[in-house]
Amino acid sequence: MEELKFEELELCPEILKAVKHMGFEEASPIQSKAIPVIMSGKDVIGQAQTGTGKTAAFGIPLLEKIDPKNKKLQAIVLCPTRELAIQVAEEIRNLAKYMHGIKVLPIYGGQEIVKQIRSLKSGTQLVIGTPGRVMDHMRRKTMKMDHVHTIVLDEAEDIETILEGIPQEHQTVLFSATMPKAILEITKQFQTNAELVKVTKKELTVPNIEQFYYEVKPKNKEEVLSRLLDIYTPKLSVVFCNTKKQGDLLV
Ligand code: AMP
């Protein structure tokens, strides 16, 4: 089984209409695998990178699970950055375009909190948030967790406090491009009998990108990177760092 038609996924007509409107012809591999498992209510570990259609892979089942008549907060997606939170909220809003009575709200730091509180009070059922600001709202009791039944961790790290604040009975869906030790620890601690769905290795990377790696001692990283930049003088490039501190140092 690789790709399914959206019609084969037992989705409501409003979502089918939305995916057609968005120009999706058939479900991507991660969507074909993850959507039925998430809809079954199981805890899920999804291994898929950005660009594979992973947002809709968890977004569609979330929308299927939300009861539009219940105006309480029902599901939370945690994203590591505000840019991602905004992007994910936008994609889910597009998917929900033809559904009535579903309110999706991005919640992130740097945005006026009073405005957020007002929106939260006006019947938001799905929050797409960054961990810091979500924890802030939990402390202020402006985000009530008692009706939350589903939580999606989209590459989030700072999550223990949040998971501890939601009811025992809930579904936890975790998406990550890689499965390092720290992520595996989270799955062990916070998920029960989680099912792993992943797209096969060949689909994990983008085919038209050639990949190289250099093994270097940590203390030599800056030096080596400087040399590489000197040699290749790339017009545009992206450097990924493990920590904020590393990023600041490198800049
Ligand atoms: P993501 O992996 O969630 O970042 O999605 C990457 C891009 O693919 C987004 O612009 C989506 O709107 C788009 N996309 C998601 N699912 C599909 C699909 N089944 N067919 C075509 N495009 C899709």
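Our subject is the structure that appears above.
Not measured: the values here are computed from a predicted model. (Residues numbered from 1 in each chain as written. Predicted model: local features only at pLDDT ≥ 70, side-chain atom pairs only at ≥ 80, totals over all residues. Heavy atoms only, no water.)

> Sorry if this is basic, but what is going on with the site of the ligand here?
In the neighbourhood of the ligand, 13 residues make up the surrounding shell, with Glu26, Gln31, Gly51, Gly53 and Thr55 lying closest. Glu26 is positioned with one of its backbone polar atoms (N or O) 2.8 Å from a nitrogen atom of the ligand. For the ligand, an oxygen atom lies 2.7 Å from a polar atom in the backbone of Gly51. Look at the ligand: alone it shows 500 Å² of surface, and the protein chains cover 68% of it. (Near = heavy atom within 4 Å. Polar contact = N/O pair within 3.5 Å; in protein donor to acceptor, adjacent residues only side chain to side chain. Areas by Shrake-Rupley, 256 points an atom, 1.4 Å probe, with all protein chains shown as cover.)

> What's the story with the sheet that holds strand E4 (residues 126-129) in this structure? I'm lost.
Strand pairing in a sheet takes place through backbone hydrogen bonds and is either antiparallel or parallel in direction. In space, the seven strands of this open sheet follow the order E3-E4-E2-E5-E6-E1-E7, with parallel pairing throughout. Sheet topology places strand E3 (104-107) and strand E7 (195-198) at the edges, where each strand pairs with a single neighbour. Each strand of the sheet is rotated relative to its neighbour by a mean of 15°, with strand direction disregarded. With four bridges connecting them, strand E1 (residues 44-47) and strand E6 (residues 171-176) associate as parallel partners. Bridge pairing in E6 links Gln47 to Ser176. In the packing of helix H3 (residues 54-65) onto the sheet, contacts are made with strand E2 (75-78), E4, strand E5 (150-154) and E6, and the angle to E5 comes to roughly 170°. Running at roughly 175° to E3, helix H4 (residues 82-95) makes contact with E2, E3, E4 and E5 of the sheet. (Pairing = 2+ DSSP bridges. Helix = DSSP H or I, 4+ residues; strand = E, 2+ residues; numbered from the N terminus. Axes fitted to C-alpha atoms, helices over the stretch in contact; angles between N-to-C directions. Contact = heavy atoms within 4.5 Å.)

> Sorry, what's going on with the nonpolar core here?
If you look at soluble globular proteins, the nonpolar side chains tend to sit buried side by side. Residues Phe58, Ile60, Val77, Leu126 and Ile128 are the most contacted members of the largest nonpolar core, which totals 42 residues. Mapped by element, the contributors of at least two residues to this core are helix H1 (13-21), helix H2 (29-39), H3, E2, H4, E4 and E6. Broken down by element, this core gets its largest block of residues, six residues, from H3. Ignoring any residue separated from it by four or fewer positions in sequence, one finds Ile128 in contact with Val77, Cys79, Ala85, Val88, Ala89, Ile92, Val104, Leu105, Pro106 and Ile107. Core analysis: the second largest hydrophobic core is formed by 24 residues, Leu105, Met143, Ile162 and Ile186 among them. (Core = buried A, V, L, I, M, F, W, Y, C linked by side-chain atoms within 4.5 Å. Buried < 20%, exposed > 50% of the residue type's maximum accessible area, 1.4 Å probe, protein only.)

> Would you mind going over H2 with me for this structure?
Since the α-helix advances by 3.6 residues per turn, residues separated by three or four positions end up pointing in the same direction. Judged by how many residues are buried, H2 sits mostly within the fold: nine of eleven residues are covered. Inspection of H2 places Pro29, Ile30, Gln31, Ser32, Lys33, Ala34, Ile35, Val37 and Ile38 among the buried residues, and these make up the whole buried set. Where H2 ends, the next residue or the one after it, Gly41, has phi of about 95°, a positive value.

> Explain H3 here, please?
The end-to-end C-alpha distance of H3, which contains twelve residues, comes to 17 Å, matching closely the 16 Å that a straight helix rising 1.5 Å per residue would cover. The buried fraction of H3 is high, at ten of twelve residues. Looking only at H3, the buried set comprises Lys54, Thr55, Ala56, Ala57, Phe58, Gly59, Ile60, Pro61, Leu62 and Leu63. (Expected span 1.5 Å × (residues − 1).)

> Can you help me understand a nonpolar patch on the surface in this one?
A contiguous nonpolar patch, built from Phe212, Tyr214, Val216, Ile231 and Tyr232 and spanning about 610 Å² of accessible area, is present on the exposed surface. Take Tyr214: it is sitting in the loop between helix H9 (201-204) and helix H10 (221-232). (Patch = residues over 30% accessible without salt bridge, like charges linked within 9 Å, V, L, I, M, F, W, Y side chains within 5 Å. Salt bridge = Lys/Arg side-chain N within 4 Å of Asp/Glu carboxyl O.)

> Just checking my understanding: could you explain the packing of H2 against H3 for this structure?
Describing two packed helices takes the angle between their axes plus the distance from one axis to the other. One can describe the packing of H2 onto H3 by two numbers: an axis separation of 9 Å at closest approach and a directional angle of 25°. As the angle between them shows, H2 and H3 are arranged roughly parallel. Between H2 and H3 lies a crossing of right-handed hand. Residue-level inspection shows Ile30, Gln31, Ala34, Ile35, Ile38 and Met39 of H2 in contact with H3, the latter providing Lys54, Ala56, Ala57, Phe58, Ile60, Pro61 and Glu64. Broken down by class, the residue content of the contact of H2 with H3 amounts to ten nonpolar, one polar and two charged. (Parallel < 35°, antiparallel > 145°, perpendicular 65-115°, else oblique. Left-handed = near helix turned anticlockwise from the far one by under 90°. Nonpolar A, V, L, I, M, F, W, Y, C, P; charged D, E, K, R; others polar.)

> Looking at this structure, how should I read the pairing of E2?
Burial of E2 is two-sided: the residues Ala75 and Val77 facing one way and the residues Ile76 and Leu78 facing the other way are all buried. Alignment of E2 against E5, held across four bridges, turns out to be parallel. Its bridge partner lying in E5, Ile76 is registered against Ile151.

> When you look at the side chain of Gln74 in this model, what are you seeing that I'm missing?
Along the chain, Gln74 turns up in the loop between H3 and E2. According to the relative accessible area criterion, Gln74 is buried, its value standing at 2%.

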